[in-house]
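Residues per chain, in single letters:
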Amino acid sequence: MTMFSSRNWREYPHRYRLEASKFKKSGKTYFPKRMVDPETGDTEQETVNLPDTGKIVTYTVIRIAPGQWGDQSPYGLAIAELTDGTRLMAQVTDCDVEKIKIGMEVRIEFRRVQSEGHHGVLSYGYKFVPKWY
Amino acid sequence: MREVCIIGVGMSKWGEIWKQSLRDMHTDAALKAIKASGVDHLDSMYVGCMSCGLFVGQEHLASLLTDYMGMCGLPATRVESACASGGMAVRQAFIEVASGISDIVMASGVEKMTDCSGDEATYALATAADQEYEVFHGATFPGLYAIMACAHMAKYGTTRAMLSAVSSKNHTNGAMNPVAQYPFKVTPAQVEKSVMIADPLRILDCSPITDGAAAVVVTTVDIAKKLGKPYVKIIGSGIGTDTIALAQRDDITTIKAATIASKMALKMAGKKITDIQFSEVHDCFTIAEIVVAESIGLYEPGKAGPAFLAGESALDGKFPINSSGGLKSKGHPVGATGVAQMVEVYKQLTGQAENGRQIPNSPKIGMAQNMGGSGGSSVVHIMEVA
């Protein structure tokens, strides 16, 4: 299914600049941006940029993948906790997948995530790269 | 609120069913349930289906299906909550009968998953995850549960052998289920030699892609008594939701939606989890059976895996789980799964489980836990013998 480029474009603030919502009352940061603080119901917020380093909290290595992902497998997929406590999911790249582990320090880099695929356009975004690899 | 019960159940044969279309397999299950119940009409119908639009390019399902059942004009609607669609359809039927709006309601579920390629089916299933922040990055469903498994193993020391025990036990039960897709035994050694999909989950940790339908007739206890067929009471119904993106959860070693749903159902039933004698749980992956058993309060966090390894969840164990074979062996036509769980609990409580998979000592109270996506939704029902 081809998706329109506007759908990809709308996510640029998150995927290109790691923009997140920081809510006034709770001081908590949520990624991607959202209109309401899930904890307090607060709608007053400012836009912040996430830090670009963190640690892997859990991961997998995807060996069998559908469609265009098949060409990339095996690839690491992880949830990392950034230095401000925010968590996000992304691929782990530029490393031997057998060496990925919990606690591994990563930085966020800007990469091509999908080519064509369901978006019909080149889609860029963030991936995790082991910090000292 | 009126007392509600299930009085007739039906299922189509599950598997890769080339000869039956989506509408045919639903009609097959629905007519079996109506015949078994003895009712002469329905007042309405709820059909659970996750993604007929993506699997077979067909939406507007409820009208199509009631027409092909020979009931054109029947009030009917489709219910969707990813892989929990079936359980949610049962809950809607329960609410409609309990409230007095209708007396006899069918809850059914159907999914036709093999009329498209494996890639297309994988894509359709992945719509239950966060498209922009999980699937965009290459997440698959085995991948999401693998990420939960990795966290659970690190936190509680859950082992490969515990996952294998779940798969093996469910295949042992499913081998006795005449509608199961894969009715054969699997040893832990076979699980551990099967191909790796997403570390640590192997193909024999994963539920399959399945065609299938299931249906139950829901009515009041007063009407059931007049019909004179075996019935079981639905004494509790609960539902919960959570974020669909795993990264946004505080703790991904537990499924909050299942905890909420289970507490709500137990409260309505006036029971404690220790009063429940057996359960069908949503084992879309082996790790899910472990995490859910802990999330609904059956075991303390980290204690379910060792208990399963010791055989506690076997048919003759302390607390039998997935006597039907579960999603692993019976199959997982996503929208039908939640309804089929009710079918199994009904059969166990009325002593009708086939081929030697009847739980010993005639259990009196059972539970069915159905779940959507990676735990973004869950629905729980508690049933008791009449």
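Asks: Which parts of the structure should I look at to understand helix 14 (residues 334-349) of chain B?
Replies: Along an α-helix, residues three or four positions apart point the same way, because every turn accommodates 3.6 residues. Residues and elements named next belong to chain B. Over its 16 residues, helix 14 runs 24 Å from end to end, which matches the ideal 22 Å to within 8%, given 1.5 Å per residue. Within helix 14, 16 of the 16 residues are buried, leaving the element largely enclosed by the surrounding structure. Just downstream of helix 14, G351 is the residue with a positive phi angle, here 70 degrees.

Asks: Help me understand helix 4 (residues 85-99) of chain B in this model?
Replies: Residues and elements named next belong to chain B. With 15 residues, helix 4 should reach 21 Å at 1.5 Å per residue; the first-to-last C-alpha distance of 21 Å fits that figure. Of all 15 residues in helix 4, 12 are buried; the element is thus mostly enclosed. Those residues of helix 4 that sit buried are S85, G86, G87, M88, A89, V90, R91, A93, F94, E96, V97 and A98. Directly after helix 4, the chain includes G100, whose backbone phi takes a positive value near 95 degrees.

Asks: Quick question: what am I supposed to make of the sheet that holds strand 1 (residues 19-23) of chain A here?
Replies: Hydrogen bonds along the backbone pair up the strands of a sheet, which may run parallel or antiparallel. Residue and element names in this part refer to chain A. The three strands lie next to each other as 2-1-3, forming an open sheet whose pairing is antiparallel. The open sheet has two edge strands, strand 2 (29-30) and strand 3 (45-49), and neither has a second partner. As paired elements, strand 1 and strand 3 share five bridges and run antiparallel to each other. Considered in strand 3, the bridge of E19 is made with N49.

Asks: Explanation requested: the side chain of B:N170 in the structure shown.
Replies: All names here are of chain B. Within the secondary structure layout, N170 lies in helix 7 (residues 160-174). A relative accessible area of 0% places N170 in the buried class. Of note is the side chain of N170, whose polar atom sits 2.5 Å from the side chain of K169. Setting aside its immediate chain neighbours within four residues, N170 contacts D283, E289, I321, N322, G325, K328 and S329.

Asks: Honestly, the interface of chain B and chain A in this entry has me stumped. Any pointers?
Replies: Put simply, an interface is often sized by how much accessible area is lost when its parts join up. On the side of chain A, 36 residues touch chain B, which itself brings 31 residues to the contact. Carbon and sulfur atoms make up 59% of the surface buried where chain B meets chain A, a total of about 2800 Å² over both sides. In terms of surface lost to chain A, no three residues of chain B exceed B:Y133, B:F136 and B:H137, which account for 28% of the buried area on that side. Scanning the region where chain B abuts chain A turns up three salt bridges. Note that B:E132 and A:R15 form a salt bridge whose closest N and O atoms lie 2.9 Å from each other. Counting the contacts that link chain B with chain A gives 18 residue pairs in polar contact (both at pLDDT 80 or more). Counting only elements with at least two residues in the side of chain B that touches chain A, the list comes to helix 5 (118-126), helix 6 (141-156) and strand 5 (196-198) of chain B.

Cut-offs used in this document
Residues numbered from 1 in each chain as written. Chains lettered and ligands numbered in written order. Predicted model: local features only at pLDDT ≥ 70, side-chain atom pairs only at ≥ 80, totals over all residues. Heavy atoms only, no water. Helix = DSSP H or I, 4+ residues; strand = E, 2+ residues; numbered from the N terminus. Expected span 1.5 Å × (residues − 1). Buried < 20%, exposed > 50% of the residue type's maximum accessible area, 1.4 Å probe, protein only. Pairing = 2+ DSSP bridges. Polar contact = N/O pair within 3.5 Å; in protein donor to acceptor, adjacent residues only side chain to side chain. Contact = heavy atoms within 4.5 Å. Buried area = accessible area lost by both parts, 1.4 Å probe. Salt bridge = Lys/Arg side-chain N within 4 Å of Asp/Glu carboxyl O.

Shape is all these values report; function is a separate question.
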